[in-house]
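For reference, the chains in residue letters:
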Amino acid sequence: MDRGMVIFVGALLTFSSSWLGLVLYPYWQLQNEQPYAKSPGDDPYPRPLAGQALAGVRVYQANGCLYCHSQQVRSEKFGNWWEDGQMKTGADIKRGWGARRTVSRDYLYDRPTMLGTMRTGPDLANVGARYAEPWQHNHTFNPRAVNSWSVMPSFAFLYAREKVVGGQKAAKALKLGREWTVDPGYRWRPTDRQWEAILAARGTAIRQAHLAGAVARVDPDSPAGRAELLEFWLTTEEEDYQVVPTTAADALVAYLLALRKGETPLPEAKE
Ligand code: HEC
């Protein structure tokens, strides 16, 4: 028999069977997937994203969040963890990443679907249920400002440092101590000489503010007292400048708050 013919037919079968199995069959199986409503009057789930949250998808994509974060909650049958020497399954649900596993219907409106492959950071499929807006902004601005041990990169370039006009900060201004906002994106500390100058200029006000909140009175002129005063002052907000989110940061956080894939019960996601 002609060898060329054998190779041709073999290759055809190989490629067409994988196309049938990996493209056509899943397409046929999932093409009629619809949002789910328990009873006819209920709001269907999922809903397409709109407005800021939709714009946030692009910011999420552009900044490579996908390389460190998955968006898929594993079923109770997967994800091992240990307790009292016994191996158990369902780590994702135990960690609070979702009340159930995620299924194809959860991703109905996702373009593209960002399941992810790496979990350098926690799964974000249901992160909207875990944190409020101010936390998300502080964490995106610099993860170390919230979790000192974090290895997530800072996205401070999504925020702007502005002068406060008329003594009134913007409603959106981040509530963070000056250690994070004097030099946005970095943790700032004054040099010894700068600290001396600051104390000389507004030492009395700083000492008063510190005493108002301090539990125990420390001698402000002892070395320990001065060190404590500096730590206290670094956690207070900067007066003249504020750090505000850009439209991109607002959109990104709106998207994170809209990520609630592991909550609404679905009949096909029992575990
Ligand atoms: C280099 C890897 C890396 C990249 C890139 C990254 N992260 Fe993270 N992320 C982490 C790690 C590690 C943590 C856990 C520590 C922490 O909370 O900061 C985390 C935590 C988080 C959390 C808190 C999750 C929870 O359940 O506590 C959110 C929200 C988050 N990241 C959002 C983002 C967004 C949005 C982006 C893109 C703008 C991003 N991350 C990019 C590594 C990364």
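Structural notes, computed from the coordinates.

Cut-off values and rules
Residues numbered from 1 in each chain as written. Predicted model: local features only at pLDDT ≥ 70, side-chain atom pairs only at ≥ 80, totals over all residues. Heavy atoms only, no water. Patch = residues over 30% accessible without salt bridge, like charges linked within 9 Å, V, L, I, M, F, W, Y side chains within 5 Å. Areas by Shrake-Rupley, 256 points an atom, 1.4 Å probe, with all protein chains shown as cover. Salt bridge = Lys/Arg side-chain N within 4 Å of Asp/Glu carboxyl O. Helix = DSSP H or I, 4+ residues; strand = E, 2+ residues; numbered from the N terminus. Buried < 20%, exposed > 50% of the residue type's maximum accessible area, 1.4 Å probe, protein only. Phe/Tyr/Trp six-rings, centres within 6.5 Å; stacked < 30°, edge-to-face > 60°. Donors = N, O, S within 2.8 Å, 3.2 Å for Na, K, Ca; no water. Expected span 1.5 Å × (residues − 1). Contact = heavy atoms within 4.5 Å. Core = buried A, V, L, I, M, F, W, Y, C linked by side-chain atoms within 4.5 Å. Near = heavy atom within 4 Å. Polar contact = N/O pair within 3.5 Å; in protein donor to acceptor, adjacent residues only side chain to side chain. Nonpolar A, V, L, I, M, F, W, Y, C, P; charged D, E, K, R; others polar. Pairing = 2+ DSSP bridges.

1. Some points on a nonpolar patch on the surface
Nonpolar side chains collect at one region of the surface, where W19, L20, L22, V23, L24 and Y27 lie side by side and expose about 640 Å² of accessible area between them. Within the fold, V23 resides in helix α1 (residues 3–30). Given the relative accessible area of 42%, V23 is considered partly exposed.

2. Quick word on the packing of aromatic side chains
In total, this model carries seven aromatic pairs according to the counting rule given. With a centroid separation of 5.3 Å and 75 degrees between ring planes, the pair formed by Y60 and Y255 is classed as edge-to-face. In this pair, Y60 sits in helix α2 (residues 51–62) while Y255 sits in helix α8 (residues 247–258), placing the two residues 195 residues apart along the sequence. Taken as a pair, Y60 and Y255 share a single burial class, namely buried. Taken together through their ring pairs, the aromatic side chains of W188, W195 and W233 make up a single cluster.

3. Examining the pattern of salt bridges
Evaluated as defined, the whole model comprises 19 salt bridges. Sharing partners across several salt bridges, the network here consists of R74, D92, R95, R119 and D123.

4. Here's the deal with the coordination of the iron atom of the ligand
Looking at the metal site, the iron atom of the ligand is ligated by H69 (NE2) and M152 (SD), spaced 2.0 to 2.2 Å from it. Look at H69 and you get buried, because its relative accessible area is 11%.

5. A look at unusual backbone geometry
For the peptide bond that leads from Y45 to P46, omega is -5 degrees, which places it in the cis range. Examined against the element boundaries, P46 turns out to sit in the loop between α1 and α2. Cis peptide bonds are those with omega within 30 degrees of zero, and the linkage from R111 to P112 qualifies with -5 degrees. With respect to the helices, strands and loops of the structure, P112 is situated in the loop between α3 (91–94) and α4 (133–141). The backbone phi angle of D84 is positive, close to 50 degrees, even though this residue is not glycine. Its place among the elements puts D84 in the loop between β1 (80–83) and β2 (86–89).

6. Examining α2
Across its 12 residues, α2 extends 18 Å between first and last C-alpha, which sits within 8% of the 16 Å expected from 1.5 Å per residue. All of the buried residues along α2 are A53, G56, V57, V59 and Y60. Looking at the buried positions of α2, the neighbouring elements they touch are α8. Looking one or two residues past α2, G64 carries a phi angle of roughly 70 degrees, positive in sign.

7. Topic: the nonpolar core
Counting residues in hydrophobic clusters, the biggest one holds 23 residues, and the most contacted among them are Y60, F141, L158, Y159 and L256. Elements with a minimum of two residues in this core: α2 and α8. In terms of residues, this core owes the most to one element, α8, which gives six residues. The contact partners of Y159, leaving out residues within four places of it in the chain, are H137, T140, F141, L174, V243, V244, P245, T246, A249 and V253. Ranked by size, the runner-up nonpolar core spans nine residues in total, among them I198, L199, L230 and L234.

8. As for the site of the ligand
In the vicinity of the ligand there are 25 residues, among which C65, C68, H69, S150 and M152 approach most closely. Within the side chain of Y131, one N or O atom sits 2.6 Å away from an oxygen atom of the ligand. Take H139: an N or O atom from its side chain is 2.7 Å from an oxygen atom of the ligand. Counting residues per element, the ones that place at least two in the shell around the ligand are α4 and α8. For the shell around the ligand, the element with the highest residue contribution is α4, accounting for three residues. Tallied by class, residues from the shell around the ligand come to 15 nonpolar, nine polar and one charged.

9. Focus on the pairing of β2
Relative to β2, β1 runs antiparallel, the two being bridged by four bridges. Considered in β2, the bridge of W81 is made with K88. Counted between consecutive antiparallel strands, the loop separating β1 from β2 contains two residues, among which D84 sits at a positive phi close to 50 degrees.

10. Regarding helix α7 (residues 223–235)
Along its 13 residues, α7 runs 19 Å from first to last C-alpha, staying within 8% of the 18 Å computed at 1.5 Å per residue. Contacts from the buried residues of α7 go to α5 (178–181) and α6 (192–213).

11. A closer look at the side chain of R178
You can see R178 is positioned in helix α5. In this structure the side chain of R178 is engaged in a polar contact, spanning 3.1 Å, whose partner is the backbone oxygen of W233. With residues up to four places along the chain from it excluded, the contact list for R178 reads W188, R202, W233, L234, T236, E237, E238 and E239.

Note that every value here comes from positions in space, so none of it alone points to a role or purpose.
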